Amino acid sequence: LDKLQDLSARCSGPSRDFIEQAGACHRCRAELGVRGRTCEHCHLDQLLVRWEVRLFCLTSRALLAGAAVSAEEAAARAHANTLR
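This structure is a prediction, so every number in the text was calculated from the model and none was measured.

Residue placement: Gln21 occurs in helix α2 (residues 16–23). For Gln21 and Cys39, which are 18 residues apart along the polypeptide, the C-alpha to C-alpha distance reads 5.6 Å. Excluding anything up to four places from it in sequence, Gln21 contacts Arg37, Thr38, Cys39 and Glu40.

Put into structure tokens, the structure is as follows:
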């Protein structure tokens, strides 16, 4: 939670470096083919998704194959869908 509060505080008055980092993030700007470092927003998002997987133990069934899907795969698919 400390990281989330720190990020929230930094967003209220972002520095030029903070803005440039977000503008060059390879996850935020994937549609443009940017190959930069992961920004703090995306890094925190990855951390929160990992915690979500641990806390809620996502389980699912593949729609067509009927095979079990791991929690990590379900989280990766959910993240991919949010980027579309």
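Here the focus is the state of the cysteines. Between two cysteines, a covalent bond joining their sulfur atoms is known as a disulfide. Tallying each qualifying case throughout the model produces 0 disulfides. Unpaired in this structure, Cys11 has its nearest cysteine sulfur neighbour in Cys39, at a distance of 9.2 Å. The exposure class assigned to Cys11 is partly exposed, which follows from its relative accessible area of 36%. With no disulfide of its own, Cys42 has Cys28 as its nearest cysteine by sulfur position, at a separation of 3.4 Å. A relative accessible area of 10% means that Cys42 is categorised as buried.

What follows covers α2. In an α-helix, one full turn covers 3.6 residues, which means residues spaced three or four apart are oriented alike. Those residues of α2 not exposed but buried are Phe18, Gln21 and Ala22. The buried residues of α2 occupy an angular sector of 95° when the element is viewed end-on, so they sit on one face. Those residues of α2 that are exposed and aimed more than 90 degrees away from the buried face are Arg16 and Asp17.

Quick look at the pattern of salt bridges now. For the structure shown, the criterion picks out 3 salt bridges. With its nearest N and O atoms 2.3 Å apart, the salt bridge here joins Glu40 to Arg10. You can see Glu40 sitting in helix α3 (residues 40–56) and its partner Arg10 sitting in helix α1 (residues 2–12), a full 30 residues away along the chain. Residue classification places Arg10 among the partly exposed positions, given a relative accessible area of 30%. Among the ionic pairs, Asp45 bridges to Arg27, the shortest N-O distance being 3.5 Å. Pair noted here: Asp45 is in helix α3 and Arg27 is in the loop between α2 and α3, with a separation of 18 residues, a long-range link.

How each quantity is defined
- As a convention, each chain's residues are numbered from 1 in the sequence order in which they are written.
- The predicted origin of the model limits local features to residues at a pLDDT of at least 70 and limits the giving and counting of side-chain atom pairs to 80 or more, whereas totals for whole chains, interfaces and linings rest on all residues.
- Each side-chain value is worked out from all heavy atoms of the structure, with water and hydrogens disregarded.
- Secondary structure follows DSSP: runs of H or I at least 4 residues long count as helices, runs of E at least 2 residues long count as strands, and numbering of each begins at the N terminus.
- The contact criterion used is simple: two residues touch if any of their non-hydrogen atoms lie within 4.5 Å.
- The definition used for a disulfide is geometric: two cysteine sulfur atoms within 2.5 Å.
- Each residue is placed in one exposure class: buried if its accessible area under a 1.4 Å probe, protein chains only, is under 20% of its type's maximum, exposed if it is over 50%, and partly exposed if it falls in between.
- Each C-beta atom gives one direction from the helix axis, and the arc is the one those directions make.
- Salt-bridge detection follows one rule: a side-chain nitrogen of Lys or Arg within 4 Å of a carboxyl oxygen of Asp or Glu.

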